[in-house]
Structures are given as structure tokens and as C-alpha cells.
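Spelled out, the chains give:
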Amino acid sequence: MRSSSSNQHIVNFGRSRQTPPLSLLLLCFVCVVVIIVVLGSTSSKSLEGLDTSAIPDYYNNYRRLKEQAVSDFLEIRSLSLGITNTREFELCGKDRENHVPCYNVSANLLAGFHDGEEFDRHCEVSSVGQRCLVRPPKDYKIPLRWPAGKDIIWSGNVKITKDQFLSSGSMTKRLMLLEENQIAFHSEDGMNIDGVKDYSRQVAEMIGLGSDTEFRQAGVQTVLDIGCGFGSFGAHLLSLNLMTVCIAAYEVFGSQVQLALERGLPAMIGDFISKQLPYPSLSFDMVHCAQCGITWDKKDGAFLIEVDRLLKPGGYFVLTSPTTNPQGGSLNLKKVTVSTPLEEFTESICWSLLAQQEETFVWQKTSNVQCYASRKEGSTPPICKADFDGQSYYQPLRSCLSGTTSKRWIPIQNRSTGSHLSSAELEVHGVQPDDFQEDTELWRSALRNYWSLLTPLIFSDHPKRPGDEDPLPPFNMIRNVMDMNAHYGGLNVALLEEKKSAWVMNVVPIRSANTLSIILDRGFAGVLHDWCEPFPTYPRTYDMLHANGLLTYYKSENCEVSDLFLEMDRILRPEGWVVLRDKFQAIEKARSLATQIRWEARVIELQNDNDQRLLVCQKPFWKK
């Protein structure tokens, strides 16, 4: 019995030893066959469809090119992560050359919007439509380098025809000259035909300054220019080291925003017909409107309440419009016995009319928060019961005054000048000075590495063009920069300190830590945005897109990452650059998407950080 049992045990043991090798061999054989079939049928087709330049290079410490075997390793690693090289996106048709999503008047009317709201931004009613790459117009040319590009742009790059230009009015004709395929703006160094310098000096004198060079001394660092025309006033203020952001409503033809961005001036599509602008309370030192087409006393003063929300304590509202002159050009409205509705309303919100000259008015918002408490009981508009700063992303216009209880209620004359905030100002924002300084140092170092990397790439990818002077430093080829996840605006600071002639649109995602108030208090351009939606700008308006950690953040938003890349391609100019810094796995997936978008992509290993990678991409210039 024992012998039989032992024999049976031996037999069973022998089977258990023999069966696994057979199954493993069979499994391995099947896997080899499948791999050979798949790679033989698909890889060759993929390689035939892709240019060899689409395979990314891999740099070590930003400089040394590793062997081709590393690129092969990355391809294998992508497959192991489930990332496949799917089909490239198609190019859009001609009808989408200047397409701006979320601005569809017909769809908005069908959705029931009216009284001007149909021209507003309504992403919720816009269909996704065709998922394709927006290509440039037939006559598109790479913009001239800064600062020449500020005064001369290619007419084929913007949606305005010669006939539209000639019918655009006498003021526009004074501001621009149309010469063959160029639009030439009057240079600040040339004849002062458009009167911008005289106008700027007039506004400064109305405030009580000797000249417009003293704006910063009066606490004015940031200006919101509503309906900015073609950016001439903003261009002049930028020459005075004032950050001036143009906002204007979406326009199908001859857009003010498109022209301003083409000139390398900060601008974005925005209006407040029914919704607040995507900025927190107490954001700007001056709000300017020169014939911007807004009837300010409509909707029970809701538009003026929005301006009051945006203005910092002690800030200025400058209005130039013939419709606001009720008494035939009096020099001082306070001497007029009959008050106008506009004057009465501005007094009710604690504004003081500093001066009026002809069609220009200058009001100053009070810096004394007690002014609101001293108003008569039942005064309108009332004070808001809660602070809505954290919800200022296209919220409905409000009929109450906000910001009066904010810790940021600091008169502009008492604020720090420049980008370096004091410890007391950081404490207001709840930021530790050490954390703030660490962020600044990080981006100083990162920017130096970026440019050491990009310099040879830019010079190799941009040969000297006929008629060009000797190549200037590479930053002159990059003017409009967007930081898609700006945090404290550290990249912006680094660009300024390195004297790069670029400006930055600092974007703060709406569900991340709301640091936009810090960015604006530092004197920079910035905006809240939901990256699950398109950005309010025209195609081909930025030279460089930068994002640190955005892909990891975006993954938690349950939005389609390919839509984000299509939007990045839409707003990026041909030959523009994308720099993404993120975790290794996120970068690998982004590299695959960059191939679908037809970008040239390079993966870069960061020194002393094995978990982080850089993805540097360049958008090609698709010529018809």
C-alpha cells in the first residue's frame, strides 16, 4: 500500500514538473508569432507614414545626445505603457483658418441668448465639431522679429481685407498704413500722427502727474484696456514699462485682439455683456476705455460695478467717449448743478471725478474702505454679503460691490513696485516667503537650461532668411509666451531678469490653487482658465507654450488630453515651441500625442530628477 501510494505520488509529482514547461513554451511561441505578425504588418506602415524626424531625440543634462538605442528603448517603453502610435490628425479646411471655439452666434441664438449675449462666450452650447489641425491661411508668413514686428505685420496673417481697412474710419486710417502685403503702424520713434503720446500725457496730467513717465510712481503698473483698437495705446504704455492687457469682444473680421497679438502685445478675447471677466477682485491699477462702445449706465450700472470689482483701491478709470459729455465740454463736472446718471452712480460707489478735458474723464476709486460704511442707509448698490473671488470664472454680473472685505484691500500707492512682493504682502496671500523664494530660484535655473537647450535648436531650425540681419539671440524670435500652469509666475520673473523681450500670459487652472491674485499683484498679465475648454484667443497667437505639471493635473479632470493638444496646436504659431515638464509617464503619453499632432518632439532627461522629464516640441509650418 505504501509502495503503491509512493508510486502514485511520484507520478503526480512528475506531471506537475512536466506540464508547466510545455505551457510556457507554447505561450512563448504564440507571443513570438503575434509580435512578428503585428510588427511586420503595422510597424512598417507606421514608419512609412512618419518622417524619421518624428522619432524624438533623448538628451542627457540638456546637452549630450544619447545613442539611437535609447530612442528604440523609449519606443518599447511606450508600448509597455499601453501607448500606441495611432493615426495623425487631419488638417482642417479653409473655413476653420480663423476658428475660435465657444463663439458661435447662430448656436447661441438657438440656445435662447439675446440682447447681446449671443456674442458672448458660451462653451456649453458649442458642439465639439471636427477634431482636426487648424492650418494657416495661404498667404501666412512668419511674423517679423520683435521689435520690428510691433510696427509691421503681414496682412495675410490677420482676417482683415483692404476694403475693410479702407472702410474702417478716419481714426483707423491714421493709426495704420496698408502697403501691399503689410500693415505698418506708426512707430513710437516716428511722427506722432495718431496722438497716442499726447493722449497718454493728457491722462497723466489729469491724474495730477507731470508726465506719463510718472505712472509707476503713482502706483500704476497694470492696465486693462477695454476695446483697445489696434493696440497703439497699449504699445505706448508697454514702452513705459506698464503691463497693459487688451480685451475686446469676439469679432469675425478685423479683430482688435488678433491684431494686437500679431503685434506682440498682450491681449485676449473678453467682454462683460452678461458675465464677469475671469479675474479676481482688485486686479488692475487702471481700467481704460476709449470709444469702446459700452453704454456704462445700462443694466442699473452693472458694467461700472464690474469695473469697480476689477479696480484696486486708489485705482483709476479713464473713459474717453463723446456720449459721456453731458454739459458740452465743461472743465469740471462738480461745478455743474445738474448731475448726470453716470456722475450720480460713480459717487454712490465711492469714486471721485478727478478731471474732465473735452471727451476724456478720469475717476479714482476710493482707497478708504470706510467710505462704503459712511453711505446713507439703503444706498445702492449694496455691499456683497460674501467674497466671490474664488468664483470669478465667467460668473454672472453682480449688482453688489465686492472686495471691500478682502485682505488685499491695499491702496496702489502703498504697494511694492516690481515683481518682488514684501513679506507682509505674501502673508496677505497666505504664502511663505521661503516657498516663494524657492519657486523663484527654481525658474531662474530652469530658464537658463531652457535657453541653453533651445539656442542650437532655434538657430538650426531657423536659417537666416533673405533680407534679415545677422541672427539675434533666440529670445527675439519668441515674443508671446503662455505659461499654462503659472503657479506664482516664476517663469515670468525669470524672463524679466534675463532681459528677454517677451511677455507672458500666466494662466491659472480654475480647480488648482488660485494664485492669480499673486501674479496680478506682481504686475504681470494673468487669467483664470478651465483647460477642459478652449482658450479665448484667435489661432496662431503664441510663440511658445509652457506647462509644468499640467498633464498630471489635467488627468484628474476627466477631460480628453488629445483635445488639449489640439487646442495648443490651434493657438501656437507655425514654427512655435512647446515645453512641457511633468512626470515620466505623462511625458511619454504626451510624446505619442505630439506625433499625432505632427509636432517634432524631443524628450529630455532632467539632471538630478529621475521622475521628471521635459518634452520639447516644435510645430511645423504647413504651407499649401
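It should be emphasised that the depicted structure is a prediction, and the values quoted were computed from it without experimental measurement. (Residues numbered from 1 in each chain as written. Predicted model: local features only at pLDDT ≥ 70, side-chain atom pairs only at ≥ 80, totals over all residues. Heavy atoms only, no water.)

A. The arrangement of the packing of helix H18 (residues 561–571) against helix H19 (residues 584–596) in detail. Where H18 meets H19, the closest approach of the two axes is 10 Å, and the angle between their N-to-C directions is 55°. In terms of orientation, H18 and H19 fall into the oblique class. Here H18 runs over H19; the crossing is right-handed. Residues Val561, Ser562 and Phe565 of H18 form the contact with H19, whose own contacting residues are Ala590, Leu593 and Ala594. Residues belonging to the contact of H18 with H19 are distributed by class as follows: five nonpolar, one polar and no charged. (Axes fitted to C-alpha atoms, helices over the stretch in contact; angles between N-to-C directions. Helix = DSSP H or I, 4+ residues; strand = E, 2+ residues; numbered from the N terminus. Parallel < 35°, antiparallel > 145°, perpendicular 65-115°, else oblique. Left-handed = near helix turned anticlockwise from the far one by under 90°. Contact = heavy atoms within 4.5 Å. Nonpolar A, V, L, I, M, F, W, Y, C, P; charged D, E, K, R; others polar.)

B. Seen up close, the state of the cysteines. Evaluation of the coordinates by the stated rule reveals seven disulfides. Sulfur-sulfur distance for the disulfide between Cys92 and Cys132 comes to 1.9 Å. Sign of the S-S torsion, about 105° for the bond between Cys92 and Cys132, identifies this disulfide as right-handed. Of this pair, Cys92 sits in the loop between helix H2 (68–80) and helix H3 (105–110) while Cys132 is found in the loop between H3 and helix H4 (148–151), placing the two residues 40 residues apart along the sequence. Of the residues examined, Cys92 reaches a relative accessible area of 1% and is grouped as buried. Cys132 gets classed as buried once you look at its relative accessible area, which sits at 6%. A disulfide bridge connects Cys532 with Cys559, and the sulfur atoms are separated by 1.8 Å. Here Cys532 and Cys559 share a disulfide; its torsion about the S-S bond, 90°, makes the bridge right-handed. (Disulfide = S-S within 2.5 Å. Buried < 20%, exposed > 50% of the residue type's maximum accessible area, 1.4 Å probe, protein only.)

C. Broad picture of the nonpolar core. Of all hydrophobic cores here, the largest spans 90 residues; its most connected members are Tyr279, Trp296, Phe317 and Leu580. Tallying contributions element by element places helix H10 (residues 302–310) first for this core, with six residues. Setting aside residues no more than four positions away along its own chain, Leu580 makes contact with Ala547, Leu551, Phe565, Met568, Ile587, Ala590, Arg613, Leu614 and Leu615. (Core = buried A, V, L, I, M, F, W, Y, C linked by side-chain atoms within 4.5 Å.)

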